[in-house]
Amino acid sequence: MKEIRVNDDTYRRAEEIASVRNITISDLVEELVDSVTGNRDLVTSDLDTLFAALDSGRNTKSVGRLRRDELHDRPVLHQY
């Protein structure tokens, strides 16, 4: 095992990130190196999760033909 040196602020931020993700700092560094060097498995799985969430949230049912005023209607405009 090798040691690396980082300033205290960077180490504290790494600790916070690792804690939130429930991983060790070593695992965090490995993930960072993998993502920078082209091992995109983590990034790909994150993107897959994101797109799956987007797909599940889409309304795919037709609402029928809309008039121009319905198409451009914005609820925020009703405040004024």
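A.B. asks: Whenever I open this one, the packing of helix α1 (residues 8-21) against helix α2 (residues 25-37) confuses me. Can you help?
C.D. replies: In a packed pair of helices, the relevant descriptors are the angle between the two axes and the axis-to-axis distance. Contact geometry of α1 with α2 gives a least axis separation of 9 Å together with a crossing angle of 95 degrees. One element, α1, and the other, α2, form an angle in the roughly perpendicular class. In this structure, α1 uses Tyr11, Ala14, Glu15, Ile17, Ala18 and Arg21 to contact α2, whose residues at the interface are Ile25, Leu28 and Glu31. Of the residues in the contact of α1 with α2, the class split is six nonpolar, no polar and three charged.

A.B. asks: Teacher, can you tell me more about the pattern of salt bridges here?
C.D. replies: A pair can form between side chains of opposite charge whenever their charged atoms are brought close. Under the counting rule described, the total for this entry stands at three salt bridges. A salt bridge links arginine 13 to aspartate 9; the shortest N-O distance between them is 3.7 Å. On the criterion of helical spacing, the pair formed by arginine 13 and aspartate 9 is a turn pair, its members being four residues apart in helix α1. A relative accessible area of 44% places aspartate 9 in the partly exposed class. Residue glutamate 31 is joined to arginine 21 by a salt bridge in which the shortest nitrogen-to-oxygen separation is 2.7 Å. Here glutamate 31, found in helix α2, pairs with arginine 21, found in helix α1; they are 10 residues apart in sequence, far enough to count as distant. With a relative accessible area of 18%, glutamate 31 lands in the buried category.

A.B. asks: Would you mind going over α2 with me for this structure?
C.D. replies: Between its terminal C-alpha atoms α2 stretches 18 Å, which fits the 18 Å expected from 13 residues at 1.5 Å a residue. Of all the residues in α2, the buried ones are Leu28, Glu31 and Ser35. For α2, the arc enclosing every buried residue in end-on projection is 60 degrees, short of the 170-degree limit, so these residues lie on one face. Across α2 from its buried face, at more than 90 degrees, point the exposed residues Glu30, Val36 and Thr37. Phi turns positive, to about 110 degrees, at glycine 38, one or two residues after α2.

A.B. asks: Looking at this structure, I do not really get α1. What am I missing?
C.D. replies: An α-helix turns once per 3.6 residues; consequently, residues spaced three or four apart project the same way. For α1, which comprises 14 residues, the first-to-last C-alpha distance of 20 Å matches the rise-based estimate of 20 Å (1.5 Å per residue) to within 8%. Where α1 begins, one side-chain oxygen reaches toward the backbone nitrogen of aspartate 9, 3.2 Å away; that side chain belongs to asparagine 7. One or two steps after α1, the chain reaches asparagine 22, where phi turns positive at roughly 60 degrees.

A.B. asks: Please explain the environment of threonine 24 as it appears in this structure.
C.D. replies: On the secondary structure map, threonine 24 appears in the loop between α1 and α2. Separated by 10 residues in sequence, threonine 24 and alanine 14 place their C-alpha atoms 9.3 Å apart. A distance of 3.0 Å separates the side chain of threonine 24 from the backbone nitrogen of aspartate 27, its partner in a polar contact.

Calculation criteria
- Residues numbered from 1 in each chain as written.
- Predicted model: local features only at pLDDT ≥ 70, side-chain atom pairs only at ≥ 80, totals over all residues.
- Heavy atoms only, no water.
- Axes fitted to C-alpha atoms, helices over the stretch in contact; angles between N-to-C directions.
- Helix = DSSP H or I, 4+ residues; strand = E, 2+ residues; numbered from the N terminus.
- Parallel < 35°, antiparallel > 145°, perpendicular 65-115°, else oblique.
- Contact = heavy atoms within 4.5 Å.
- Nonpolar A, V, L, I, M, F, W, Y, C, P; charged D, E, K, R; others polar.
- Salt bridge = Lys/Arg side-chain N within 4 Å of Asp/Glu carboxyl O.
- Buried < 20%, exposed > 50% of the residue type's maximum accessible area, 1.4 Å probe, protein only.
- Expected span 1.5 Å × (residues − 1).
- Arc of directions from axis to C-beta.
- Polar contact = N/O pair within 3.5 Å; in protein donor to acceptor, adjacent residues only side chain to side chain.

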